[in-house]
Amino acid sequence: MNFKNLFDFYISNRFLKGLTFGYLNLIATIVVSLFLIPFTLSFLTKPEYGVFAIFADLMGWLSISGLGVSQVLASKSAQLFGEGKKNEITPFASTTFFTQLFSSILIILFTIYLILNPSVIVGDSDFTENISLVIFIIFSGFLINYICQPITVLLVADKQVHIDNFLKFILLLIQTSITIFLLLSGFKLLALAISSFCANLLICLIYIIRVFVSLKEIKFKFSYWDSNIFKYIISK
C-alpha cells in the first residue's frame, strides 16, 4: 500500500481522524494549561483564582442533576443509527432534551442563590465588586452547555466525533486568545468568565446548526415527549 492509498484510507476513516484530533486536542489542552495557569496567576491573586476553581467544581457537581440521561440517549441513538432507524430517534431525543431542560431549573435556582449570596463562596474577600456578574456569566455559559448536551451526543452517536474533536481544538485556541486579551485589558476574574461563556455559546451554536443540517430527520418538540421513554432513560 503506497502513501497515497494510506492517505486516502486515513481521510475516509472517521475513527482514525477522530483519534488523531482527540490526541491533538488533549496535547493542546495540556500545553495551554501549562502556559495559561501561571499567566493567569500573574493577573489574579491566588484567592481570586481559587474562587474560579471553586466555580468549576460546583459546575461539575451540578452536572449530576442531568441524571445521565444524555448518556442514555447517546447509547440508544447509536444503536438506532446502526440499525438504520433514524425516524425512531426523535421521541428519544425530544424526551431527553426536555428532561434535561426541566432539570436545568435546579441550576437556575442555584445560580440565583449564589448571585444573591456571593459571600457563601468568597466570604469577606476584597474582590467582591463584580463577583455577582462573574457568577451570572460563568453559570449562564454552563447552563447553555448543559441544555445542549442531548444535541451534542447525537453527533457523537452519528460518528461525527472527528469533527467534534477538531472543533474543540479550534475552540480551545479561540477561548485562550479571548482570555489572554481580556486579562491584558484588566478584566481579571471577568476575563475567565467571559471567555468561558463565549466558548460555551459558540460551540453550542455550532452543534445546533450541525444537527439541524446533518440530522434533519430528528425533531425536538415537546409533543414528542413520551412518559414511557422518560421512565426508560431515568431507569438506565
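Just so you know, the residues in each chain are numbered from 1, in the order the chain's sequence is written. In view of the model being predicted, local features appear only for residues whose pLDDT reaches at least 70, and side-chain atom pairs are presented and counted only at 80 or more, with totals across whole chains, interfaces and linings using the full set of residues. Processing note: side-chain calculations cover all non-hydrogen atoms of the structure and skip hydrogens and water entirely.

1. Remarks on the overall build of the chain
Scanning the chain for helices and strands turns up 10 helices and zero strands. In the chain, the succession of helices and strands from N to C terminus is α-α-α-α-α-α-α-α-α-α. Relative to its full complement of 236 residues, the chain shows a buried share of 42%. Counting only contacts in the chain whose residues sit at least 6 apart along the sequence, the fraction spanning at least 24 positions is 83%. The Shrake-Rupley method, run with a 1.4 Å probe, gives the accessible areas here. Residue values count only the displayed protein chains as cover. Accessible surface, the chain as shown: approximately 12,900 Å² in total, 69% of it carbon and sulfur. Helix and strand definitions here come from DSSP, where helices need a minimum of 4 consecutive H or I residues and strands a minimum of 2 consecutive E residues; each element is numbered from the N-terminal end. For every residue, the accessible area (1.4 Å probe, protein chains only) is compared with the maximum for its type, and the residue is labelled buried under 20%, exposed over 50%, or partly exposed between those bounds. We call two residues in contact whenever any of their non-hydrogen atoms come within 4.5 Å of each other.

2. Considering the pattern of salt bridges
What makes a salt bridge here is a side-chain nitrogen of Lys or Arg within 4 Å of a carboxyl oxygen of Asp or Glu, nothing more. Counted by the stated rule, this structure contains three salt bridges. Close ionic contact of Lys85 with Glu83 constitutes a salt bridge, the shortest N to O distance being 3.5 Å. Judged by its relative accessible area of 33%, Lys85 is partly exposed.

3. Observations regarding the side chain of Thr179
Topologically, Thr179 is positioned in helix H8 (residues 161-184). Polar contact is defined as a pair of N or O atoms within 3.5 Å, subject to the rule that within protein one atom must be able to donate a hydrogen and the other to accept it, and that residues adjacent in sequence are counted only when both atoms are side-chain atoms. At 2.8 Å, the side chain of Thr179 forms a polar contact with the side chain of Ser195. Dropping the residues within four chain positions of it, Thr179 is found in contact with Leu36, Ala191, Leu192 and Ser195.

4. Some details on the layout of surface pockets
In this analysis a 1.4 Å probe is tested at points of a 1 Å grid over the protein atoms alone, and where it fits but cannot get out there is a cavity; an open set with protein on both sides within 12 Å along at least five of seven lines is a pocket; lining residues have an atom within 4 Å of a point. Grid points are joined across faces, edges and corners, and a volume is the space filled by probe spheres set on the points. By volume, the largest pocket is sized at about 980 Å³. Lining the largest pocket are 32 residues, and of these Leu172, Gln175, Ser196, Ala199 and Asn200 lie nearest its centre. For the lining of the largest pocket, the elements supplying multiple residues, two or more each, are helix H2 (14-41), helix H3 (46-62), helix H4 (69-82), helix H7 (131-157), H8 and helix H9 (189-214). Ranked by residues supplied to the lining of the largest pocket, first place goes to H9 with eight residues. Taken together, the residues of the lining of the largest pocket break down into 16 nonpolar, 15 polar and one charged. Think of it as three bins: nonpolar holds Ala, Val, Leu, Ile, Met, Phe, Trp, Tyr, Cys and Pro, charged holds Asp, Glu, Lys and Arg, and polar takes everything else, Gly as well.

5. Some words on the packing of H3 against H7
Running from N to C, H3 and H7 point in directions that differ by 35°, and their axes come no closer than 11 Å. Of the two possible hands of crossing, H3 and H7 adopt the one that is right-handed. Contacts between H3 and H7 pair Val51, Phe52, Phe55, Leu58, Met59 and Leu62 from the former with Ile131, Val134, Ile135, Ile138, Phe139, Phe142 and Tyr146 from the latter. Taken together, the residues that form the contact of H3 with H7 break down as 13 nonpolar, no polar and no charged. As a rule, the C-alpha atoms of each element are fitted with a line to give its axis, helices using only the stretch in contact, and angles between N-to-C directions run from 0 to 180 degrees. Left-handed describes a crossing whose near helix is turned anticlockwise from the far helix through less than a right angle; right-handed describes the clockwise counterpart.

6. Things to note about the environment of Ile137
With respect to the helices, strands and loops of the structure, Ile137 is situated in helix H7. Of the residues examined, Ile137 reaches a relative accessible area of 14% and is grouped as buried. Measuring from C-alpha to C-alpha, the distance between Ile137 and Ser196 comes to 8.4 Å, with 59 residues separating the pair along the chain. Those residues within four positions of Ile137 in sequence are excluded, and the remaining contacts are Leu190, Ala193, Ile194 and Phe197.

7. A word on the environment of Ala56
Checked against the element boundaries, Ala56 lands in helix H3. Residue class for Ala56 comes out partly exposed when judged on its relative accessible area of 40%. Taking the C-alpha atoms as reference points, Ala56 and Ile138, 82 residues apart in sequence, are found 9.0 Å from one another.

8. A closer look at the confidence of the model for the chain
Confidence scores here are pLDDT values: one per residue, from the predictor, ranging 0 to 100. Of the residues in the chain, 86% have a pLDDT of 70 or more, and the chain-wide mean is 83. Looking over the chain, one finds the lowest element-wise mean pLDDT in helix H1 (residues 3-12), namely 46, and the highest in helix H5 (residues 89-116), namely 92. Confidence drops under pLDDT 50 across residues 6-12; counting only partners more than four residues distant or on other chains, this segment forms six contacts.

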